[in-house]
Amino acid sequence: DSPLTSDQCNKLENIGFNFVSPPTCARWDQHWDQRFRELLDFKKIYGHTNVPKRYGPLAQWVSRQQAKYRIMKAVKAKGCKDSPLTSDQCNKLENIGFNFVSPPTCARWDQHWDQRFRELLDFKKIYGHTNVPKRYGPLAQWVSRQQAKYRIMKAVKAKGCKDSPLTSD
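Attention here is on the structure that accompanies the text. Predicted, not measured: the structure shown is a model, and the values here were computed from it. (Residues numbered from 1 in each chain as written. Predicted model: local features only at pLDDT ≥ 70, side-chain atom pairs only at ≥ 80, totals over all residues. Heavy atoms only, no water.)

Considerations on helix α4 (residues 87-95)
Every buried residue of α4 is listed here: Gln89, Cys90 and Leu93. Across the axial projection of α4, the buried residues extend over an arc of 100°, all falling on one side. Opposite the packed face of α4, turned more than 90 degrees from it, sit the exposed residues Ser87 and Asn95. Positive backbone phi, at 75°, marks Gly97, one or two positions downstream of α4. (Buried < 20%, exposed > 50% of the residue type's maximum accessible area, 1.4 Å probe, protein only. Helix = DSSP H or I, 4+ residues; strand = E, 2+ residues; numbered from the N terminus. Arc of directions from axis to C-beta.)

In structure tokens:
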């Protein structure tokens, strides 16, 4: 998943997108620890941390950690201290030889984002809002990722960084 651009953010704001989803810190920490244990089990079996897509939730989690790492690097390069990946989480991943690099294809991600945005527009036309229930699968997951990216972008800006890595085109 690539960062949320200012154009994408504007498109979402223009349709009244609800950027807020209320995760609880304890729940997310437990979820992170659970997936980390699953990754440890995967590595014990296969000897690496490159989880194929067929592993579903674990593969998605690995992809999110790679994206968070890229954001963390961009945030630190701009002089901000906050990041979506804690230093403890980063250290745990580094200690097991986690592969932080995933080669995203920018054009593919832009097409994917535009496709999901069109689906969200269709959803809003039908239901009158952008609160997509989980039963809508990929669209609901995409909406959740946009909410998370927006929270990160706002947190970075609140810390005084003029240029958020999430809003640069």
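Describing the nonpolar core
In terms of nonpolar packing, the biggest core is built from 17 residues, with Leu39, Val51, Trp61, Leu85, Leu93, Phe98 and Phe100 touching the most fellow members. Those elements that provide at least two residues to this core are α2 (25-46), α3 (57-77) and α4. Of all hydrophobic cores here, the second largest spans 12 residues; its members include Phe17, Phe117, Val132 and Ala140. (Core = buried A, V, L, I, M, F, W, Y, C linked by side-chain atoms within 4.5 Å.)

Details of the pattern of salt bridges
Tallied over the full model, the rule gives 6 salt bridges. Salt-bridge contacts for Asp88 lead to Lys92; the nearest nitrogen and oxygen are separated by 3.8 Å. On the criterion of helical spacing, the pair formed by Asp88 and Lys92 is a turn pair, its members being 4 residues apart in helix α4. Its relative accessible area of 44% is what places Asp88 among the partly exposed residues. Here Lys92 falls in the partly exposed class, since its relative accessible area comes to 29%. (Salt bridge = Lys/Arg side-chain N within 4 Å of Asp/Glu carboxyl O.)

Considerations on the side chain of Arg35
Tracing the sequence through the fold places Arg35 in helix α2. With relative accessibility at 13%, the residue Arg35 sits in the buried group. Contacts of Arg35, omitting those with residues within four sequence positions, involve Pro57, Leu58 and Trp61. (Contact = heavy atoms within 4.5 Å.)

Regarding the packing of aromatic side chains
Applying the stated criterion across every chain, the model contains 12 aromatic pairs. Ring geometry for Trp113 versus Phe117: centroids 5.2 Å apart, planes at 10°, classification stacked. Placement of both Trp113 and Phe117 in helix α5 (residues 106-127) is noted, with a separation of 4 residues, approximately one turn of the helix. Taking relative accessible area as the criterion, Phe117 reaches 10% and is therefore assigned buried. Through successive ring pairs, a cluster of aromatic residues spans Trp32, Phe36 and Trp61. Lys11 extends its terminal NZ or CZ atom over the ring of Phe117, reaching a point 5.9 Å from the ring centre. Over the ring of Phe36 we find Lys92; its NZ or CZ atom is 6.0 Å from the centre of that ring. (Phe/Tyr/Trp six-rings, centres within 6.5 Å; stacked < 30°, edge-to-face > 60°. Lys NZ or Arg CZ within 6 Å of the ring centre and 35° of its normal.)

Remarks on helix α1 (residues 6-14)
For α1, the complete set of buried residues consists of Gln8, Cys9 and Leu12. Taken down its axis, α1 places every buried residue within 100° of arc, on the same side. With its phi angle positive at about 75°, Gly16 sits one or two positions after the end of α1.

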